[in-house]
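# Observations on the three-dimensional arrangement
Residues per chain, in single letters:
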Number of protein chains: 2
Amino acid sequence: MNAQVANKAGKTSPEEVLNYMRERGERARGAARHVARADTGTKNAALFALAQLLLDERKAILAANAEDMRAGRAAKLDAAMLERLELNDARIDAMADGVRQVAALPDPIGEMTDMKLRPSGIQVGRMRVPLGVVGIIYESRPNVTADAASLCLKSGNAAILRGGSEAMNSNQAIARCIQRALRDAGLPEDAVQVLTITDRSAVGAMVSMPEYIDVVIPRGGKGLVAAVSNGARVPVIKHLDGVCHVFIDADADLDKAIPICVNAKTQRYGTCNTMETLLVDAPIADRVLPKLAQIYREAGVELRGCERTRRLVSEARPATDADWSEEYLAPVLAVKIVDGLDAAIDHISRYGSAHTDAIVTENYTRARRFLREVDSSSVMVNASTRFADGYEYGLGAEIGISTDKFHARGPVGLEGLTSQKWVVLGDGNVR
Amino acid sequence: MNAQVANKAGKTSPEEVLNYMRERGERARGAARHVARADTGTKNAALFALAQLLLDERKAILAANAEDMRAGRAAKLDAAMLERLELNDARIDAMADGVRQVAALPDPIGEMTDMKLRPSGIQVGRMRVPLGVVGIIYESRPNVTADAASLCLKSGNAAILRGGSEAMNSNQAIARCIQRALRDAGLPEDAVQVLTITDRSAVGAMVSMPEYIDVVIPRGGKGLVAAVSNGARVPVIKHLDGVCHVFIDADADLDKAIPICVNAKTQRYGTCNTMETLLVDAPIADRVLPKLAQIYREAGVELRGCERTRRLVSEARPATDADWSEEYLAPVLAVKIVDGLDAAIDHISRYGSAHTDAIVTENYTRARRFLREVDSSSVMVNASTRFADGYEYGLGAEIGISTDKFHARGPVGLEGLTSQKWVVLGDGNVR
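Per an unreviewed UniProt entry, chain A goes by the name Gamma-glutamyl phosphate reductase and belongs to Hydrocarboniphaga daqingensis. The UniProt entry for chain A carries the following comment under Pathway (unreviewed entry): "Amino-acid biosynthesis; L-proline biosynthesis; L-glutamate 5-semialdehyde from L-glutamate: step 2/2."

Residue and element names in this part refer to chain A. With parallel pairing, four strands are arranged side by side in an open sheet as 5-4-3-6. Edge positions in the sheet fall to strand 5 (192-194) and strand 6 (215-219), since each has one partner strand and no second. Strand-to-strand twist in this sheet, taken as the mean axis angle between neighbours without regard to direction, amounts to 15°. Relative to strand 5, strand 4 (residues 158-162) is paired through three bridges, and the arrangement is parallel. In the strand pairing of strand 5, Ala-159 is matched with Val-192. Helix 1 (residues 14-37) contacts strand 3 (133-138), strand 4 and strand 5 of the sheet and is inclined by roughly 145° relative to strand 4. Its contacts with the sheet put helix 9 (residues 222-229) on strand 3 and strand 6, and the angle it makes with strand 6 is roughly 160°.

For the rest of this paragraph, the subject is the relation of the copies chain A and chain B. The transform that puts chain A on chain B rotates by 180° and translates by 0.0 Å along the axis, for an RMSD of 0.0 Å. What the rotation and shift describe, once combined, is the action of a two-fold rotation axis. Taking C-alpha positions as reference, the residue of chain A nearest the rotation axis is His407(A), located at 2.0 Å. By residue overlap, the copies meet face to face through one surface: 99% of the interface positions of chain A are interface positions in chain B.

A common way to report how large an interface is uses the accessible area buried once the components associate. Between chain A and chain B, the contact holds 72 residues from the first and 71 residues from the second. Between chain A and chain B, a total of about 6,000 Å² is buried, with carbon and sulfur atoms accounting for 53% of that surface. On the chain A side of the interface with chain B, the three residues burying the most area are Phe406(A), Trp422(A) and Arg431(A), jointly 17% of the side's total. Counting the contacts that link chain A with chain B gives 10 salt bridges. For Asp427(B), the salt bridge is made with Lys256(A), and the minimal N-O distance between the two is 2.9 Å.

Glancing now at the domain arrangement of chain A. By the assigned domains, chain A splits into domain 1 (14-229) and domain 2 (244-387). With centres defined by C-alpha atoms, the gap from domain 1 of chain A to domain 2 of chain A works out at 37 Å.

All names here are of chain A. Its 24 residues give helix 1 an end-to-end C-alpha distance of 35 Å, which sits within 8% of 34 Å, the value for a rise of 1.5 Å per residue. Within the sequence span of helix 1, burial applies to Val-17, Tyr-20, Met-21, Arg-24, Gly-25, Ala-28, Ala-31, Ala-32 and Val-35. Of the surrounding secondary structure, the elements contacted by the buried residues of helix 1 are helix 2 (40-56), strand 3, helix 6 (143-154), strand 4, strand 5 and helix 8 (200-206).

This part covers the packing of helix 10 (residues 254-266) of chain A against helix 11 (residues 282-299) of chain A. All names here are of chain A. Helix 11 packs onto helix 10 with a crossing angle of 35° between their chain directions and a minimal axis gap of 11 Å. Helix-helix and strand crossings are classified by hand; for helix 10 and helix 11 the assignment is right-handed. Contacts between helix 10 and helix 11 pair Leu-254, Ile-258, Cys-261, Val-262, Lys-265 and Thr-266 from the former with Ile-284, Arg-287, Val-288, Lys-291, Leu-292, Ile-295, Tyr-296 and Ala-299 from the latter.

To continue, consider the packing of aromatic side chains. The full count for this structure, using the stated rule, is three aromatic pairs over all chains. Ring geometry for Phe406(A) against Phe406(B): centres 6.4 Å apart, planes inclined by 40°, an arrangement best described as tilted. In this pair, Phe406(A) is assigned in the loop between strand 14 (400-402) and strand 15 (410-412) and Phe406(B) in the loop between strand 14 (400-402) and strand 15 (410-412), connecting two distinct chains. Judged by relative accessible area, Phe406(B) falls into the buried class, the value being 12%. For the pair Trp422(A) and Tyr393(B), a centre-to-centre distance of 4.9 Å together with 35° between the ring planes defines the contact as tilted. In this pair, Trp422(A) sits in strand 16 (residues 418-429) while Tyr393(B) sits in the loop between strand 13 (378-383) and strand 14, so the two residues belong to two different chains. You'll find Trp422(A) and Tyr393(B) in the same group, each marked buried. Geometry around Trp324(A) places Lys336(A) over its ring, the cationic atom sitting 5.3 Å from the centre.

Quick look at the UniProt feature "domain: Aldehyde dehydrogenase" (unreviewed entry) in chain A now. All names here are of chain A. UniProt marks residues 29-298 and 324-389 with the feature "domain: Aldehyde dehydrogenase" (unreviewed entry), using the numbering shown here. Helix makes up 52% of residues 29-298 and strand 17%, with an end-to-end C-alpha separation of 56 Å. Regarding residues 324-389, the helix share stands at 33% and the strand share at 27%, and the terminal C-alpha atoms are separated by 23 Å.

Residues and elements named next belong to chain A. When you line up the elements, Glu-307 lands in helix 12 (residues 307-312). Residue Glu-307 is classed as exposed on the basis of its relative accessible area of 61%. Separated by 159 residues in sequence, Glu-307 and Ala-148 place their C-alpha atoms 47 Å apart.

Another point: the pairing of strand 16 (residues 418-429) of chain B. A regular strand places its side chains on the two faces of the sheet in alternate fashion. Buried residues dominate strand 16 of chain B, accounting for 10 of its 12 residues. Relative to strand 16 of chain B, strand 13 (residues 378-383) of chain A is paired through five bridges, and the arrangement is parallel. If you follow Ala383(A) over to strand 16 of chain B, its bridge partner there is Asn429(B).

All names here are of chain B. Here helix 10 (residues 254-266) is 13 residues long and its end C-alpha atoms lie 18 Å apart, about the 18 Å a rise of 1.5 Å per residue gives. Counted residue by residue, helix 10 has 10 buried out of 13 residues, so it is predominantly covered. Buried within helix 10 we find Leu-254, Lys-256, Ala-257, Ile-258, Ile-260, Cys-261, Val-262, Asn-263, Ala-264 and Lys-265.

All names here are of chain B. With respect to the secondary-structure elements, Asn-157 resides in the loop between helix 6 (143-154) and strand 4 (158-162). Remark: the alpha-carbon pair of Asn-157 and Val-134, spanning 23 residues in sequence, is separated by 6.5 Å. With sequence-adjacent residues up to four places away left out, Asn-157 is seen in contact with Val-35, Pro-130, Leu-131, Gly-132, Val-133, Val-134, Cys-152, Ala-191 and Leu-417. Within the structure, Asn-157 has its side chain in polar contact with the backbone nitrogen of Leu-131 (distance 2.8 Å).

Definitions and cut-offs
Residues numbered from 1 in each chain as written. Chains lettered and ligands numbered in written order. Predicted model: local features only at pLDDT ≥ 70, side-chain atom pairs only at ≥ 80, totals over all residues. Heavy atoms only, no water. UniProt positions renumbered as here; feature names shortened; annotations may be inferred. Pairing = 2+ DSSP bridges. Helix = DSSP H or I, 4+ residues; strand = E, 2+ residues; numbered from the N terminus. Axes fitted to C-alpha atoms, helices over the stretch in contact; angles between N-to-C directions. Contact = heavy atoms within 4.5 Å. Least-squares fit on C-alpha atoms with pLDDT ≥ 70 in both. Buried area = accessible area lost by both parts, 1.4 Å probe. Salt bridge = Lys/Arg side-chain N within 4 Å of Asp/Glu carboxyl O. Domains from an automatic or database assignment. Expected span 1.5 Å × (residues − 1). Buried < 20%, exposed > 50% of the residue type's maximum accessible area, 1.4 Å probe, protein only. Left-handed = near helix turned anticlockwise from the far one by under 90°. Phe/Tyr/Trp six-rings, centres within 6.5 Å; stacked < 30°, edge-to-face > 60°. Lys NZ or Arg CZ within 6 Å of the ring centre and 35° of its normal. Polar contact = N/O pair within 3.5 Å; in protein donor to acceptor, adjacent residues only side chain to side chain.

Structure representation (structure tokens):
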């Protein structure tokens, strides 16, 4: 276990943190070679063992969590944070279930594709391989420890997990289950390391060690993501804003448009794929906006509209320019009437965050243009933006959502923790 | 054209460089949207026009190049650099030919794949899209200007090209052809910008503008790559060392092993996919090493061997530990006798650079283990390492070779300048 090096109660000097992190990194690099080669059966055996251990060690995990909760209350953590921190029987069951689901996913590693014969006589294709060492930085939820460990292991990567200090005891209790599961399956314990240093300098060290860490994934709010990315020398899978749009085209079927707009805004307010701005094509505005406004009013959604919107929807407050780029994460919706597809695309391109945008239309050509021309990680026709999610997309699990274009865009599954190397099969071929 | 802003003879202050680069970046970002949407016919029209213009403007290009050559000789550039800098009729023909070849490649943009139906009723898949703005940094060869411009344009990206100061006149003459070809095809001229500032601070500015540039590709030696990557805030497709190995397994067919080892070392000495270390399985060493040594001797290749090698090959000089990780790029070869596949893989993992490594064997299981367990961007069975190349792999063109694992590994073709976004087709679906 990792507990010896750092004194979690006391202060740790920057050099101590750096030395500790370098040692962790070196161990992870060594273990990565082993897990990269591990066969599917071995990796799954470790995952099934982990699922069972989480259930068997339920009492110890809950006791550790109770300690974190006590400390959290004493430190006056807010209610939302305490809610995320808390474990109970149902959450431990769900954690074990999640681990079993990862075991059930197909192993991405070793898959060979596109083995083409070339004129030279060689056969060339690609083999899917792990990235190596994955660093994951997260906040209060202790279930991420089991979740992230499973995903990294299944994709043949070693993992360095840095959870929040408020969840230290819970995370270490889960870590003990992970270590034992790895050992029982004959895999190196260093394949998953749960850090015992949680200060910010550990994060700084992680993103400055490309020799030991191949990618860092921050799982948390914008502040965390920005802090991790800033000055990073290791690639970071970033998830920033979700300013998502639905555009109701003049040729929309209102029986589709209304349920989609209601679902995209009201199913959950705090998620990144929630609609934040509604764009309505001018010719259809007077038929759809009053109906939608009534539903939103009943749901308690505050509307902020452009001038033309306010002529149709009297209760809408005037929208300022800042509203068009706001990620409310709340029962607030910006509404704008636009003149046609081009104006809608221009608005999305100017104010959007390239996360998820949808068009509602029965017009084939405009649907195709929207798909092609809107430069967002998910583009949709006649579907709620709320579908932008790894599980809904069939990825089996979601490691994170990328708002970058490099490497991966949108929901990232196991494949996002892999790369492809080239394989050449010859018969004595020379150039 | 870009020539107004900077005075290439005089000094440019850091703020002037930064302002210049920001303005270039902003223009590129604006143009990127247009080229991303351009259809294949339009992009190809620009490429065919460029190919023709390079031939039509041959005299002007050669005159500009003659000016660069004069200045280069006056500045006492070395012979190799002058050789790379020089253009002639044949090289201009080759440049035009290269542009036409890029036009003939399939358009990667817009391709939709894996459109799966999900239980929710939505259909989900991916669409290939450009990265956006690509920065390319290169040295003396002016042909890279036409080459890089074509590849970026074909893949729907805007490009910012920063060539070497020694090739300024040649690059600007080619840039004039590019600008006219873009204009003639109805594409924005800012889609390809050839910088007129060539000092190092321009490179520093390029890798510090993630808001304007999505990826930077240095095409040049290790020094350039290291300088570009250092402190970069923009993703860099890096190409570092090529310490490539061939392992002759005990079950190798010598009629394959000998031609492969000769080709991998002697076909070209200065390329990154040239074999630098030969590993020989102990049981076969006395049958293969003396024969190979004789061929290498005749080819003028100096051998540096381990002790066991030197017992079989008297002229081999003793190899030091440094030899095992040396990229000679010269007629020098390190040779080591190892005991079996595991020892070979251990050696490659310890001293190699994860570029390209090959096994020569008739043994099925060891061939598979080598492919799976050697963590290099190209792994080969019974083929020369010299095949590790975009053209040989059928990519049509090579943007660069990546020694990273994130995004792309090994030879990078047009696909390396693209990403995939998610596409969701629904029929009014909600969550």
